[in-house]
Each structure stands twice: as structure tokens, then as C-alpha cells.
Amino acid sequence: MDYTKIIIRPVITEKANLAKEYLNQVSFVVANTANKIEVKRAVEAAFNVKVEAVNIVRRRPSRRIRHGRTIGKVSGYKKAFVTLAKGDKIEFFEGV
């Protein structure tokens, strides 16, 4: 699979920024069919870095319920936490 179909977007939150600073870890929303090996290869190909470990978390879809009625749906997604080798880094917003 092409890496552009595996990596959907980076996760940019306060928790993800702290993990990037202290643990040298970056987070991505990835395709629901992707596994750890595919994510590792995609990140190495896209950003020219060495990946040490990949952890994947899956969020299941859920229904939004208000006053006992279903009013909508929240899509599920898969998130990958990628630990980079020492000395490597990925900068999404440089100088901002």
C-alpha cells in the first residue's frame, strides 16, 4: 500500500506535543486497515526517519444520544503512536 493512503493526518494536541518533546513520539491518524508494519514503513518513507516502535489505538464508532434518542454518529478511527530513533524528529509546524 502507498504511504499516502496509510497516513491520513497528524494528531496535533497538547498531549501529542508533550509526547513529541519528552518521548520523541509523534501521533498520526491512520487508515483503519493499516497494521504496525505498514505504518512503520509509511512513516520511514514519508519523513526519512528511523522508527523504533509503533503502538496503535482504535476508537470504535459510537452513537450520540440525547434524551434517549439517537441524534447522530461519531465515526471511529485508528491512531498510531510512532516512537522515533534518538536524534530523529518530525516537525509539522516549524517556526510557528
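One can find the structure itself at the top, above this paragraph.
Okay, so let's go over this structure. (Residues numbered from 1 in each chain as written. Predicted model: local features only at pLDDT ≥ 70, side-chain atom pairs only at ≥ 80, totals over all residues. Heavy atoms only, no water.)

Points about the environment of Lys78
Here Lys78 shows up in strand E6 (residues 77-84). Under the relative-accessibility criterion, Lys78 is labelled buried at 13%. On a C-alpha basis, the gap between Lys78 and Glu21 in space is 22 Å, while along the polypeptide they are 57 residues apart. Separated by 3.1 Å, the side chain of Lys78 and the backbone oxygen of Asn32 make a polar contact. (Helix = DSSP H or I, 4+ residues; strand = E, 2+ residues; numbered from the N terminus. Buried < 20%, exposed > 50% of the residue type's maximum accessible area, 1.4 Å probe, protein only. Polar contact = N/O pair within 3.5 Å; in protein donor to acceptor, adjacent residues only side chain to side chain.)

Points about the nonpolar core
Judged by nonpolar contacts, the single largest core of 17 residues is most densely connected at Phe28, Val39, Val43, Val82 and Ile90. Secondary-structure elements contributing two or more residues to this core are strand E2 (25-30), helix H3 (36-47), strand E3 (51-59) and E6. Among all residues touching Ile90, those that are not within four sequence positions of it are Lys20, Val26, Phe28, Val43, Phe47, Val49 and Leu84. (Core = buried A, V, L, I, M, F, W, Y, C linked by side-chain atoms within 4.5 Å. Contact = heavy atoms within 4.5 Å.)

Observations concerning the sheet that holds E6
The four strands lie next to each other as E1-E2-E6-E3, forming an open sheet whose pairing is antiparallel. Each edge of the sheet is formed by a strand with only one pairing partner; in this case those strands are strand E1 (7-10) and E3. Strand-to-strand twist across the sheet, computed as the mean angle between neighbouring axes with direction ignored, equals 30°. Bridging between E3 and E6 involves eight bridges; their strand directions are antiparallel. Bridged to Asn55 within E6 is Phe81. Relative to E3, H3 is tilted by about 120°, and along the sheet it contacts E1, E2, E3 and E6. (Pairing = 2+ DSSP bridges. Axes fitted to C-alpha atoms, helices over the stretch in contact; angles between N-to-C directions.)

A look at unusual backbone geometry
The backbone of Asn24 sits at a positive phi, close to 55°, despite the residue not being glycine. Position of Asn24 relative to the elements: it lies in the loop between helix H2 (14-22) and E2.

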